[in-house]
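# Report on the structure
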Amino acid sequence: MDIPVFLVTGFLDGGKTNFINGILEDGFAREEKTLLICCEEGEEEYNPKALDNVTVVTIEDESELTCSQLKAWEKEYAPKQVLIEYNGMWQMERLYRDVLPANWVLYQIMTFVEASTFETYAKNMGQIMMEKISNADLLVFNRCTPELKAALRKRNLRMVNRRADIYLEDESGSEDYNNGDVCPFDLDQALIDIPDEDYGVWYVDVMDYPDRWAGKEVHMKLLMCHSKKYPGTHCPGRFAMVCCENDVQFLGLVAKGVGLKDYQNRDWVEVTARMAVEKHLAYKGKGPVMHILSIKPCEKPAQDVVNF
């Protein structure tokens with residue numbers, strides 16, 4: 001019989017235990033026997049009033065978390081579902097590959113981050129942080145100030161994980177990370193200049209909300225790219241370091257117009273383009289397309305890799 005597994009991960013003070021208490025108190029485990037595996041003990045404790053149908057077991061060392069141990073608990077406690085409060089310092093790949101029994105099905109990954117510590121963790125432990133964010137189905141940043149919300153939105157976490165529900169939470173409650181009603185650029189300008197350092201912000205916005213950019217004229221510096229996968233397709237863009245040095249991605253857009261084929265891959269060009277929304281194989285449907293109005297060579301920007 002398959003057993004659904006709900007994985008709650010993140011770093012210390014991220015709010016994992018509070019979240020678990022909340023869902024248990026809301027009746028998550030009232031009907032089904034639940035096994036709660038605690039891999040990290042923080043300052044908060046589980047609410048005993050919510051544990052009447054829950055068995056709590058503790059793992060103090062990563063080496064103790066093995067497939068055979070999980071199967072032994074399954075036999076002993078016969079859970080119908082499993083919650084795992086996972087240690088944020090442990091790699092998740094080992095859990096997927098070696099630990100979870102075949103009949104333990106990972107249903108949802110929920111990652112919690114204390115907002116003021118995010119930049120420090122991203123800088124010093126980028127790969128570990130990236131893994132938690134890129135695999136999440138739900139991503140919550142706790143204790144957000146207005147300044148932290150603005151910084152996190154500018155960071156463009158959508159480039160790391162485009163499927164997750166992302167929320168920025170302060171004392172008044174949760175706020176959707178996308179906040180799509182607010183465009184980060186002034187759309188009333190006749191020509192919208194995209195500064196070098198803001199290309200990533202623009203890229204995410206135009207990919208998420210292409211319709212509001214349709215018909216707008218934009219100006220920016222780009223690195224030329226001619227697609228190998230889609231011959232004849234030009235897709236200039238920029239390289240971006242999304243979370244850490246090991247996660248550099250090329251963010252390009254389909255472009256049409258005269259002059260594009262005159263430039264080689266990795267040539268720097270300054271373009272003015274009118275945006276449109278069109279079907280293209282590269283998008284597997286509709287997406288933003290740049291219709292080039294003017295193009296000319298330019299010097300490489302001082303910061304050629306975009307940072308989020």
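Structural data are supplied above this passage.
In what follows, the accompanying structure is described. (Residues numbered from 1 in each chain as written. Predicted model: local features only at pLDDT ≥ 70, side-chain atom pairs only at ≥ 80, totals over all residues. Heavy atoms only, no water.)

### Focus on the overall build of the protein
For clarity, the threshold we go by: Elements are defined by DSSP. Helices are runs of H or I of four residues or more, strands are runs of E of two residues or more, and each kind is numbered from the N terminus. For the purpose of charge, His is not counted, nor are the chain termini; Lys and Arg are scored as positive and Asp and Glu as negative. Every charge is mapped to an atom, namely NZ of Lys, CZ of Arg, CG of Asp or CD of Glu.
Of regular secondary structure, the protein possesses eight helices and 16 strands. Mean positive and mean negative side-chain charge positions of the protein (34 and 51 charges, respectively) differ by 8 Å.

### Things to note about the packing of aromatic side chains
Condition: When two rings of Phe, Tyr or Trp (its six-membered ring) have centres within 6.5 Å they constitute a pair, described as stacked for plane angles under 30 degrees, edge-to-face for angles over 60, and tilted for the intermediate range. Buried residues are those whose accessible area, probed at 1.4 Å on protein chains only, stays under 20% of the maximum for their type, while exposed residues exceed 50% and partly exposed ones sit between those limits. By the criterion adopted, a ring carries a charge over it if an Arg CZ or a Lys NZ lies within 6 Å of its centre and within 35 degrees of its normal.
Overall, the coordinates contain 11 aromatic pairs when judged by the stated rule. Where Tyr199 meets Trp202, the ring centres are 5.8 Å apart and the plane angle is 50 degrees; that geometry is what we call tilted. One end of the pair, Tyr199, and the other, Trp202, are both in helix H7 (residues 199-208), three residues apart, so they sit about a helical turn from each other. Of the two residues, Tyr199 and Trp202, neither departs from the other in class, the shared state being buried. Judged by centre distance (5.0 Å) and plane angle (65 degrees), the ring pair of Phe239 and Phe250 falls under edge-to-face. Here Phe239, found in strand S11 (residues 237-241), pairs with Phe250, found in strand S12 (residues 248-252); they are 11 residues apart in sequence, far enough to count as distant. Clustering of aromatic rings is evident, with ring pairs tying together Phe185, Tyr199, Trp202, Tyr203 and Trp213. Here the basic side chain of Arg212 rests over the ring of Tyr209, its NZ or CZ set 4.3 Å away from the ring centre.

### A look at the nonpolar core
Where we set the bar: For our purposes a nonpolar core is just a set of buried Ala, Val, Leu, Ile, Met, Phe, Trp, Tyr and Cys residues, chained together by side-chain atoms within 4.5 Å.
Ranked by internal contacts, the top residues of the largest apolar core, which has 32 residues, are Trp202, Trp213, Val218, Met220 and Met290. Elements with a minimum of two residues in this core: H7, strand S10 (217-223), strand S13 (254-256), strand S14 (268-280) and strand S15 (285-297). Here this core takes five residues from H7, the largest share from any one element. Membership of the second largest hydrophobic core comes to 21 residues, among which are Leu35, Ile59, Ile84 and Ile109.

### Observations regarding the environment of Gly15
Just so we agree on the cut-off: The contact criterion used throughout is that any non-hydrogen atoms of two residues lie within 4.5 Å.
You can see Gly15 is positioned in the loop between strand S1 (3-10) and helix H1 (16-25). When its relative accessible area of 18% is taken as the criterion, Gly15 is described as buried. Residues Gly15 and Asn142, spaced 127 residues apart in sequence, show a C-alpha to C-alpha distance of 7.0 Å. When residues no more than four places from it in sequence are discounted, the contact partners of Gly15 are Phe112 and Asn142.

### Brief notes about the side chain of Asn103
Basically, it comes down to this: We call two N or O atoms a polar contact when they sit within 3.5 Å, provided that within protein one can donate a hydrogen and the other can accept it, with sequence-adjacent residues counted only if both atoms are side-chain atoms.
Looking at where Asn103 falls in the secondary structure, it is placed in the loop between helix H3 (92-99) and strand S5 (104-114). Classification of Asn103 by relative accessible area gives buried; the value is 15%. A polar contact is formed between the side chain of Asn103 and the backbone oxygen of Met1, at a distance of 3.0 Å. If near-sequence neighbours (up to four positions away) are discounted, Asn103 is found in contact with Met1, Asp2, Ile3, Lys71 and Glu74.

### Let's talk about the sheet that holds strand S8 (residues 173-176)
Just so we agree on the cut-off: If DSSP finds at least two bridges between two strands, the strands pair. Every axis in this analysis is a line fitted to C-alpha atoms, fitted for helices over the stretch in contact. Angles between the N-to-C directions lie between 0 and 180 degrees.
Taking strand neighbours across the sheet as the criterion, the eight strands line up as S3-S2-S4-S1-S5-S6-S7-S8 in an open arrangement whose pairing is mixed. Because the sheet does not close on itself, it has two edges, and the strands there are strand S3 (54-58) and S8. Across the sheet, the mean angle from the axis of one strand to that of its neighbour is 20 degrees, orientation sign disregarded. Here S1 pairs with strand S4 (residues 81-85) via four bridges, running parallel. Paired with Phe6 across the strands is Leu83, a residue of S4. Strands in contact with H1 are S1, strand S2 (34-38), S3, S4, S5 and strand S6 (138-142); relative to S4, the strand with the most contacts, it is inclined by about 155 degrees.

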